[in-house]
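Structural features, examined
Next come the chains, spelled out residue by residue.
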Amino acid sequence: MAFESLQAQLAMLINQINTQPEDVHELYERIAQMLGELKATGQPLPADLVEFEKRMEAEFPKAAPKKA
């Protein structure tokens, strides 16, 4: 999947966290997967996504992607 497409999908998932907080754990798991896909493209992640990933890891350690 193209980097820009992954970023757009991530933005939609992050927005869902605000609109559907009851599904936040499931959304975090999907976001963790997408962050892994973004990293696999080899392009640097935007700073806001890096910060979001850190917060996500702190709140849901099992949902966070494994560090390489």
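Just above sits the structure.
So, how was this worked out
Residues numbered from 1 in each chain as written. Predicted model: local features only at pLDDT ≥ 70, side-chain atom pairs only at ≥ 80, totals over all residues. Heavy atoms only, no water. Helix = DSSP H or I, 4+ residues; strand = E, 2+ residues; numbered from the N terminus. Buried < 20%, exposed > 50% of the residue type's maximum accessible area, 1.4 Å probe, protein only. Contact = heavy atoms within 4.5 Å. Areas by Shrake-Rupley, 256 points an atom, 1.4 Å probe, with all protein chains shown as cover. Axes fitted to C-alpha atoms, helices over the stretch in contact; angles between N-to-C directions. Parallel < 35°, antiparallel > 145°, perpendicular 65-115°, else oblique. Left-handed = near helix turned anticlockwise from the far one by under 90°. Nonpolar A, V, L, I, M, F, W, Y, C, P; charged D, E, K, R; others polar. Expected span 1.5 Å × (residues − 1). Arc of directions from axis to C-beta. Patch = residues over 30% accessible without salt bridge, like charges linked within 9 Å, V, L, I, M, F, W, Y side chains within 5 Å. Salt bridge = Lys/Arg side-chain N within 4 Å of Asp/Glu carboxyl O. Lys, Arg positive; Asp, Glu negative; His and termini not counted. Charge placed at Lys NZ, Arg CZ, Asp CG, Glu CD. Core = buried A, V, L, I, M, F, W, Y, C linked by side-chain atoms within 4.5 Å.

1. Quick word on the overall build of the protein chain
- A count of helical and extended segments in the protein chain gives three helices and zero strands.
- Taken from N to C terminus, the helices and strands of the protein chain fall in the order α-α-α.
- With 68 residues in all, the protein chain has 32% of them scored as buried.
- Considering only contacts within the protein chain whose residues lie at least 6 apart along the sequence, 52% involve residues at least 24 apart.
- Of the roughly 4,600 Å² that the protein chain leaves accessible, carbon and sulfur atoms contribute 53%.

2. Section: the packing of helix H1 (residues 3-19) against helix H2 (residues 24-40)
- At a minimum axis separation of 10 Å, H1 and H2 run at an interaxial angle of 165 degrees. Considering the angle they form, H1 stands roughly antiparallel to H2. In terms of crossing hand, the pair formed by H1 and H2 is left-handed. Of the residues in H2, those touching H1 at Phe3, Leu6, Gln7, Gln9, Leu10, Leu13, Ile14, Gln16 and Ile17 are Val24, Leu27, Tyr28, Arg30, Ile31, Met34, Leu35, Glu37 and Leu38.
- Of the residues contributing to the contact of H1 with H2, the split by class is 13 nonpolar, three polar and two charged.

3. Things to note about H1
- Its 17 residues give H1 an end-to-end C-alpha distance of 25 Å, which sits within 8% of 24 Å, the value for a rise of 1.5 Å per residue.
- What H1 keeps buried is the set Phe3, Leu6, Leu10, Leu13 and Ile17. Along the axis of H1, the buried residues cluster in a sector spanning 85 degrees; they form a single face. H1 presents Glu4, Met12, Asn18 and Thr19 as exposed residues on the side facing more than 90 degrees away from its buried surface.

4. With respect to a negative patch on the surface
- Taken together, Glu22, Asp23, Glu26 and Glu29 make up a surface patch of like negative charges.
- With respect to the helices, strands and loops of the structure, Glu22 is situated in the loop between H1 and H2.
- Residue classification places Glu22 among the exposed residues on the basis of a relative accessible area of 62%.

5. Considering the nonpolar core
- In terms of nonpolar packing, the biggest core is built from 18 residues, with Leu10, Ile17, Tyr28, Ile31, Leu35, Leu38 and Met56 touching the most fellow members.
- The set of elements that each furnish at least two residues to this core consists of H1, H2 and helix H3 (47-59).
- Looking at which element gives the most residues to this core, the answer is H2, with eight residues.

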